[in-house]
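These are the residues of each chain, in order.
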Amino acid sequence: MSSENSSADDARQVWDVVVVGAGPAGASAAYAAAVAGRRVLLLEKAELPRYKTCGGGIIGPSRDTLPPGFDLPFQDRVHAVTFSHNGRFTRTRRSRQMLFGLINRPEFDQQLVEHAQKAGAELRTGATVTRVEQHGSAVPDRRTVAVVLQGGETVLARAVVGADGSASRIGAHVGVKLDQVDLGLEAEIPVPQTVAEDWKGRVLIDWGPLPGSYGWVFPKGDTLTVGVISARGEGAATKRYLEDFVGRLGLAGFEPSISSGHLTRCRADDSPLSRGRVLVCGDAAGLLEPWTREGISFALRSGRLAGEWAVRISEAHDAVDARKQALNYAFAIKAGLGVEMSVGKRMLAIFERRPGLFHAALTGFRPAWKAFRDITQGSTSLGELVRGHPLAQRALAAMDRRQPVSGTDSTGAAGTTAGAGATSTPGSAGSAGSPGSAGDEAGS
């Protein structure tokens, strides 16, 4: 074989972009890079489709970021939200237009990967990445990154996107720093048709007993996804909350088909998003909404940006140019998702102190419900809402300053305030689970 042919063979073995992780962030990155005409390899350690702990809510920003022609596999379309505060003060708010849709992650993720493949990306499952190297004997030149797989195989790339989840090896390489870690527990509960019909088109959000905690019920045909989330370190209390929550809903007699747990992690403000020719996105970068811990829209949006900027990095001929493109990616993330995260952190801090205030606002103050509706439908974002509405700015600033009243816990505050605008239901959250809850408001 001539040296020219050998060089050509070597060149063909270097991918333009290698994406690690085939969840929503990784599939979006692979699609964005492949649709730009680049040679893209998508590595996934599991076999697809695979289950992920996730409520499966697809809000407007998620829908708007999907590839053209993507047919969302909705299990249900949500037009109503029942709010309760630790099983009490129940009220349902309704919308004529769909608020958001509910999907099962295995189907959704599989479809995203298929769109990336149709765009030209190559998928390889059962591939566990142990590390990446940007210097040393495994790296033939300074334009190349070595992705080392379990077993010692090395894959070469001009740019790498880490989308390998909240325990990311690529995130560790980049040096991602986290300042909020939460524990989510979830059960997939098959229910009889009569129970499923009661929940059709409606979700429940229950502000929980632990600081910053809440629970949810998302209906998906003949299965209810029931979960809770709270700060890590309160594992036993979070488990008790889920058990109590399921019991109050009258669902304790049904056997879950899946019970799972998952840690969500939010990045620190100064956490890096790149190192050399390696970018991180989605959970691997700690990108999610801190208050609700909604992660799918952050994964899809950051994944798309990572794929687009990885293409530019793959074309960079030196470290200076690669660094410039990586900084542009970081700027794009911080200007959009970073602003939303900043507002979300403020919201979480207030919510931890005054959950009753949020419950009272969403159930009894029309502008707050309208804001919730607009965000879920995708006509605005949390960041845009605060930036563009002086009333929202003043309300958030006022809540920032407000402290809990001495001698009154947040539950008591909720009872007093929410009772004025919503029906107090001191009984079980089974009341919250019923479709005809008192205090129902239609057509808002």
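Residues numbered from 1 in each chain as written. Predicted model: local features only at pLDDT ≥ 70, side-chain atom pairs only at ≥ 80, totals over all residues. Heavy atoms only, no water.

- The protein chain has the name Geranylgeranyl reductase family protein in an unreviewed UniProt entry, where Streptomyces lancefieldiae is given as its organism.

1. Side note on the pairing of strand S15 (residues 223–231)
Phase 1: Counting buried residues in S15 gives eight out of nine residues, a clear majority hidden from the surface.
Phase 2: Taken together, the nine bridges between strand S12 (residues 178–190) and S15 define a ladder with antiparallel strand orientation. Its bridge partner being in S15, Glu 186 is matched across the sheet by Gly 227.
Phase 3: Connecting the antiparallel pair strand S14 (residues 214–220) and S15 is a turn made up of two residues, with Gly 221 showing a positive phi of about 70 degrees. (Buried < 20%, exposed > 50% of the residue type's maximum accessible area, 1.4 Å probe, protein only. Helix = DSSP H or I, 4+ residues; strand = E, 2+ residues; numbered from the N terminus. Pairing = 2+ DSSP bridges.)

2. Observations regarding the sheet that holds S15
Sheet strands line up and pair through hydrogen bonds in the backbone, either parallel or antiparallel.
Phase 1: Strand order across the open sheet formed by seven strands is S6-S5-S13-S14-S15-S12-S16, with mixed pairing between neighbours. Where the open sheet ends on each side, the last strands, each with one partner, are strand S6 (88–94) and strand S16 (258–267). Across this sheet, the average inter-strand angle for adjacent strands is 20 degrees, counted without regard to direction.
Phase 2: As paired elements, strand S5 (residues 80–85) and S6 share five bridges and run antiparallel to each other. From the neighbouring strand, Thr 82 faces S6, where its bridge partner is Thr 92.
Phase 3: Sitting on the sheet, helix H11 (residues 366–377) touches S5, S6 and strand S13 (202–207), and the angle it makes with S5 is about 125 degrees. (Axes fitted to C-alpha atoms, helices over the stretch in contact; angles between N-to-C directions. Contact = heavy atoms within 4.5 Å.)

3. Focus: the side chain of Ser 62
Phase 1: The residue Ser 62 is located in helix H3 (residues 60–65) in this model.
Phase 2: Judged by its relative accessible area of 0%, Ser 62 falls in the buried class.

4. What to know about the sheet that holds strand S4 (residues 76–78)
Phase 1: One open sheet accounts for three strands, arranged S3-S7-S4; its pairing is antiparallel. On the outer flanks of this sheet lie strand S3 (57–58) and S4, each paired with one strand and no other.
Phase 2: Bridge count between S3 and strand S7 (residues 100–102): two bridges; the pairing is antiparallel. Across the sheet, residue Gly 57 finds its bridge partner in S7, namely Leu 102.

5. Topic: the confidence of the model for the protein chain
Phase 1: Scored by pLDDT, the protein chain comes out at a mean of 87, with 84% of its residues at no less than 70.
Phase 2: With pLDDT under 50 throughout, residues 1–12 is counted as low confidence; its partners more than four residues away or in other chains account for four contacts.
Phase 3: For residues 434–444, every residue scores under 50 in pLDDT, and the model assigns this stretch 33 contacts once sequence neighbours within four places are set aside. (pLDDT = per-residue confidence, 0-100.)

6. Focus on the side chain of Lys 220
Phase 1: Along the chain, Lys 220 falls in strand S14.
Phase 2: Comment: no salt bridge for buried Lys 220; closest opposite-charge side chain is Glu 188, at 4.6 Å.
Phase 3: Those residues in contact with Lys 220 that lie beyond four places of it in its chain are Cys 54, Gly 55, Gly 56, Gln 75, Leu 102, Ile 103, Asn 104 and Thr 225. (Lys, Arg positive; Asp, Glu negative; His and termini not counted. Salt bridge = Lys/Arg side-chain N within 4 Å of Asp/Glu carboxyl O.)

7. Things to note about unusual backbone geometry
Phase 1: Pro 49 follows Leu 48 through a cis peptide bond whose omega is -5 degrees.
Phase 2: Within the element layout of this structure, Pro 49 appears in the loop between strand S2 (40–44) and S3.
Phase 3: One non-glycine residue, Asn 86, lies in positive phi territory at about 50 degrees.
Phase 4: By the element assignment, Asn 86 lies in the loop between S5 and S6.
Phase 5: Residue Arg 293 is not a glycine yet carries a positive backbone phi of 60 degrees.
Phase 6: For Arg 293, the location among the structural elements is in the loop between strand S18 (278–280) and helix H8 (296–315).
Phase 7: Under the relative-accessibility criterion, Arg 293 is labelled buried at 8%.

8. Digging into the pattern of salt bridges
Phase 1: Counted by the stated rule, this structure contains 15 salt bridges.
Phase 2: Among the salt bridges present, the one from Asp 374 reaches Lys 370, with a minimum N-O distance of 2.8 Å. With Asp 374 and Lys 370 both in helix H11 and four residues apart, the pair spans about one turn of that helix.
Phase 3: Looking at Asp 374, the relative accessible area reads 13%, which means it is buried.
Phase 4: Across the pair Arg 373 and Asp 374 runs a salt bridge whose closest N-O atoms are separated by 4.0 Å. Of the two residues, Arg 373 and Asp 374, both sit in the buried class.
Phase 5: Each of Arg 50, Arg 105 and Asp 109 takes part in salt bridges that share partners, so that together they form one network.

9. Regarding the environment of Leu 249
Phase 1: Position of Leu 249 relative to the elements: it lies in the loop between helix H7 (235–248) and S16.
Phase 2: Along the chain, Leu 249 and Gly 87 lie 162 residues apart, while their C-alpha atoms are 8.8 Å from each other.

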